[in-house]
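Chain residues, written in single-letter form:
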Amino acid sequence: MNYSRTNWLGKTVALAALAIGIAGAWQAASAADIIGVITLTGTPPAEKEITPLMENSDCAAMYNGKAPTTHFYVVGPKGEFADVVVSLKGVTGKSTGVSAAPAVLDQKGCLYTPQILAVQTGQKITVKNSDNCVHNVHCTPTVAGNEEHNDVQMAGGADLTYSFPQPEMFLRFKCDVHPWMFAWVSVFDSPYFAVSDKDGKFVIKNVPPGKYTVEANHRKAGAQTQDVEVADKDVTVNFTFALK
Ligand SMILES: [Cu+2]
């Protein structure tokens, strides 16, 4: 009796899963996601304490005597590699940045957060100041057509907004008040990019069918590519970065 009930339940669950599967396949018919996990093997260099931050009384007040560290390699216990910028190489002229929701770059605890960000060409970047001290937002693009800006932002000051018309990898934002503050904003001329999360995972959504070169680019560990073909199903592309 018990057995047959379990069996019936199992079949029902299986049928429901099948139905969800069919619905998912139906939705994905016109485009598919490129998904993957990025892993770091080997031991990255130790992060350094940002000691100059503690010499600034406004900033030190937010840290209770313990300096924050750099975040050059954000790696989980099994090598889950965050902050890797994944994109489709050479895909241009596809930006929907003008109508995309703004990306947010905050200044919090005298650090930029996030420190690795990716946006589309023309997409607004809203820069906030969540601290009780003044910051100075200074972006220093190197690609022609992307404009340098240098703006004071007081505590409680209005958000600043920037956008960049040209693709650029790791466009630098710094703060002229606090010389340890950096963010690196990559600008793509398409919506087909992602930044790996703390689990090393990334999803590039709604990629039209075709052949692509997927590039995974980490500011310290360098870049790798893999070729993929997207049809009507999600495609998995995993990357492993190896440190000696
Ligand atoms: Cu600052």
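This text goes with the structure placed above it.
Note that the structure is predicted; figures quoted are calculated from it, not measured.

## Here's the deal with the sheet that holds strand S7 (residues 135–140)
For step 1, the next point in the chain: Taking strand neighbours across the sheet as the criterion, the five strands line up as S5-S11-S10-S7-S8 in an open arrangement whose pairing is mixed. Two strands lie at the open edges of the sheet, namely strand S5 (116–120) and strand S8 (149–153), each paired on one side alone. Pairs of neighbouring strands in the sheet enclose a mean axial angle of 25°, with direction left out of account.
For step 2, the next point in the chain: Taken together, the five bridges between S5 and strand S11 (residues 182–188) define a ladder with parallel strand orientation. Within the sheet, the bridge partner assigned to Val 119 lies in S11 and is Val 187.

## Considering the sheet that holds strand S12 (residues 193–195)
Through backbone hydrogen bonds, the strands of a sheet pair up, either in parallel or in antiparallel fashion.
For step 1, the next point in the chain: With respect to topology, four strands assemble into an open sheet ordered S12-S2-S14-S15, the strand pairing being antiparallel. The outermost strands of the open sheet, each flanked by one partner alone, are S12 and strand S15 (222–230). Between one strand axis and the next, the sheet turns through 15° on average, direction left out of account.

## Here we look at the coordination of the copper ion
For step 1, the next point in the chain: Bound to the copper ion on the protein side are His 135 (ND1), Cys 175 (SG), His 178 (ND1) and Met 181 (SD), at distances that span 2.0 to 2.6 Å.
For step 2, the next point in the chain: One way to put it: the four donor atoms around the copper ion meet at angles of 96 to 135°, and that makes the site irregular.
For step 3, the next point in the chain: Coordination of the copper ion draws on donor residues from a single chain, spaced H-x39-C-x2-H-x2-M in sequence. Of this pair, His 135 sits in strand S7 while Met 181 sits in the loop between strand S10 (168–175) and S11, and the two are 46 residues apart along the sequence.
For step 4, the next point in the chain: For His 135, a relative accessible area of 0% gives the class buried.

Quick notes on the rules
- Residues numbered from 1 in each chain as written.
- Predicted model: local features only at pLDDT ≥ 70, side-chain atom pairs only at ≥ 80, totals over all residues.
- Heavy atoms only, no water.
- Pairing = 2+ DSSP bridges.
- Helix = DSSP H or I, 4+ residues; strand = E, 2+ residues; numbered from the N terminus.
- Axes fitted to C-alpha atoms, helices over the stretch in contact; angles between N-to-C directions.
- Donors = N, O, S within 2.8 Å, 3.2 Å for Na, K, Ca; no water.
- Tetrahedral: all angles 85-135°; square planar, octahedral: opposite > 155°, others 65-115°.
- Buried < 20%, exposed > 50% of the residue type's maximum accessible area, 1.4 Å probe, protein only.

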